[in-house]
Amino acid sequence: VNQTWSINHCKLLYMLSKFAKPALSANDKEGWIRNIPLMVMLYEGVTCGTLDFDYAPQSVLITQDGKSKRMFLNITQEGKSAVDDLREAKLINGLKLSSEDFQPVTAFQVSVAGLDFIQKFPNQLKRAVNDFIYAPAPHAEHM
């Protein structure tokens, strides 16, 4: 990776790798995280102080029981921009899907290049993210 990335970009990439990454062999399972759950995780990271992004209420479409409805969620535009930056650098893969009621949805996963980049992250950065995505003791290592 020949670009300088902010701490927030790196924390976001590492966080995403815990939920969604490609299969590295034929026997591995790959994972994807849809946009709304990712935005919720970004918000959680902001409110606990791990991510330094602003957020504001935004009207979004949510599909529930096969029907779309509008809800207000706290969304970070800076976080969305960071996801776009990482996608542009091919550190995150994107996949377009349709919801049950045919609304377009984007899902994300860390790319193989992103996984390679994460190997260079200091343990302190990883620990900060792990502290908010994992349950506290005695349930540590359970998301």
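Going by the structure above, here's the rest.
Residues numbered from 1 in each chain as written. Predicted model: local features only at pLDDT ≥ 70, side-chain atom pairs only at ≥ 80, totals over all residues. Heavy atoms only, no water.

Chemist: Would you explain helix H2 (residues 35–47) in this entry?
Modeler: Every α-helix carries 3.6 residues per turn, so stepping three or four residues along brings you back to the same face. Compared with the 18 Å implied by 1.5 Å per residue over 13 residues, the 18 Å span of H2 between its first and last C-alpha is a close match. Inspection of H2 places Leu 38, Met 39, Met 41, Leu 42, Gly 45 and Val 46 among the buried residues, and these make up the whole buried set. When H2 is viewed along its axis, its buried side chains cluster within an angular range of 160° and face the same direction. Structurally, H2 contributes buried residues whose contacts are with helix H1 (7–19), strand S1 (33–34), strand S3 (67–75), helix H3 (77–88), strand S5 (104–110) and helix H5 (123–133). (Helix = DSSP H or I, 4+ residues; strand = E, 2+ residues; numbered from the N terminus. Expected span 1.5 Å × (residues − 1). Buried < 20%, exposed > 50% of the residue type's maximum accessible area, 1.4 Å probe, protein only. Arc of directions from axis to C-beta. Contact = heavy atoms within 4.5 Å.)

Chemist: Which parts of the structure should I look at to understand the environment of Val 110?
Modeler: One can find Val 110 in strand S5. Classification of Val 110 by relative accessible area gives buried; the value is 0%. Expressed as a C-alpha distance, the spacing of Val 110 and Ile 92, which sit 18 residues apart in the sequence, is 4.4 Å. Apart from the residues lying within four places of it in its own chain, the contact partners of Val 110 are Leu 13, Leu 16, Ser 17, Ala 20, Lys 21, Pro 22, Leu 91, Ile 92, Asn 93, Leu 115 and Ile 118.

Chemist: Is there a simple way to explain the environment of Gln 77 in this structure?
Modeler: Relative to the helices and strands, Gln 77 is located in helix H3. Along the chain, Gln 77 and Gln 58 lie 19 residues apart, while their C-alpha atoms are 9.8 Å from each other. Apart from residues no more than four positions distant in its own chain, Gln 77 is found in contact with Asp 54 and Gln 58. Looking at Gln 77, its side chain comes within polar contact range of the side chain of Gln 58, at 2.7 Å. (Polar contact = N/O pair within 3.5 Å; in protein donor to acceptor, adjacent residues only side chain to side chain.)

Chemist: Sorry if this is basic, but what is going on with unusual backbone geometry here?
Modeler: Look at Asp 65: it is not a glycine, yet its phi comes out positive at around 55°. Here Asp 65 lies in the loop between strand S2 (56–64) and S3. Overall, Asp 65 belongs to the exposed group, its relative accessible area being 71%. Of note in this structure, Lys 90 is not a glycine but carries a positive phi near 65°. Tracing the backbone through its elements, the reader meets Lys 90 in the loop between H3 and strand S4 (92–98). By relative accessible area, which is 61% here, Lys 90 ends up exposed.

Function cannot be read off these values alone, since they describe shape.
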